[in-house]
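Below, each chain spelled out in residue letters.
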Amino acid sequence: MKKWLLIGVGFAIIVIIVLVIGISNLGPMIKKAVNTYGPRLTKTEVHLEDVDVSIFSTEAKLKDFYLGNPKGFKSPDAVKVGSIYVNVDEASVTGETVIIEKIEVVGPQITYEKVRGTDNFKSILNNIEDVVGTEEPSKKQADKETESKKILIRDFVLRDGKVNLATSMLGGKSISAPLPDIHIKDIGTKKGGVSPAKAFEEILEALYNAITSPAVSDVLNQGLRAIGSEIEKGAKRELQSAEESAKREMEEVTDNFKGLFGK
């Protein structure tokens, strides 16, 4: 009995050690995946500053995530997020499909920029669709530790976001609107897991739908009309002031001529 008890305890210790090693590698694995795989997927600058992982709960906090804009757009970034919380099923870390119980994105700052009939998020989505449509990233370039894995996301939440409009029409002014919260469940569940590219595509599509929804666009358009009205009033005031100044100058010239000819 004692012998089997010792074997059982020994086996449990081995399992715990394996899990701890796997979990401790989770932070660097997430950071490496984002910083190397992200730019190839979106064809923009992507950067994640740091990842904190709790060994006992497999909860990770992603710090300072940055998604840049494609070429042709003037704004430096499309998305900036200070904190992203991720809860991973520890038993799945070493498997082919990593199960993510929850991702919570808190307070993202979104920059929405329109250029020549398109916008920055549509361009990023097109880049991702190109990758997804060509059988995911090239297997020659694939990192077997990250890109060959599938992921399953049970719960995705994005909350407390803000959309900032970027356009040359603003004349240095800013217009923003609150972003509706996004809640997606069971990403990849039906297929037993999907590629990171496919999962990110689904999330970005939901984000794009929220950005272009009436809840956001109506507020931004209202802001544009208000700024347009201010610009128009300002232009009228400047024109009126210029006309009054020209009138005064003309009166002074006329008075001078009268003085010269004694009339």
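Heads up: the structure comes first, above all this text.
Let us look at the structure shown here. (Residues numbered from 1 in each chain as written. Predicted model: local features only at pLDDT ≥ 70, side-chain atom pairs only at ≥ 80, totals over all residues. Heavy atoms only, no water.)

This part covers the environment of Gln 109. Here Gln 109 lies in strand β5 (residues 109-115). It is 9.3 Å that separates the C-alpha atoms of Gln 109 and Leu 179, two residues lying 70 residues apart in sequence. Discounting chain neighbours no more than four positions away, the residues touching Gln 109 are Ala 78, Val 79, Lys 80, Lys 162 and Asn 164. Polar contacts involving the side chain of Gln 109 include one to the side chain of Asn 164, which spans 3.4 Å. (Helix = DSSP H or I, 4+ residues; strand = E, 2+ residues; numbered from the N terminus. Contact = heavy atoms within 4.5 Å. Polar contact = N/O pair within 3.5 Å; in protein donor to acceptor, adjacent residues only side chain to side chain.)

As a further point, take the pattern of salt bridges. Taken as a whole and assessed by the stated rule, the structure comprises seven salt bridges. Close ionic contact of Lys 63 with Asp 52 constitutes a salt bridge, the shortest N to O distance being 2.8 Å. Placement of Lys 63 in strand β2 (residues 59-68) and of Asp 52 in strand β1 (residues 46-54) is noted, with a sequence separation of eleven residues between them. Taking the shortest distance from any N to any O, the salt bridge between Glu 201 and Lys 198 comes out at 3.2 Å. Of this pair, Glu 201 and Lys 198 both sit in helix α4 (residues 196-211), three residues apart, which is roughly one turn of the helix. Lys 198 gets classed as partly exposed once you look at its relative accessible area, which sits at 34%. (Salt bridge = Lys/Arg side-chain N within 4 Å of Asp/Glu carboxyl O. Buried < 20%, exposed > 50% of the residue type's maximum accessible area, 1.4 Å probe, protein only.)

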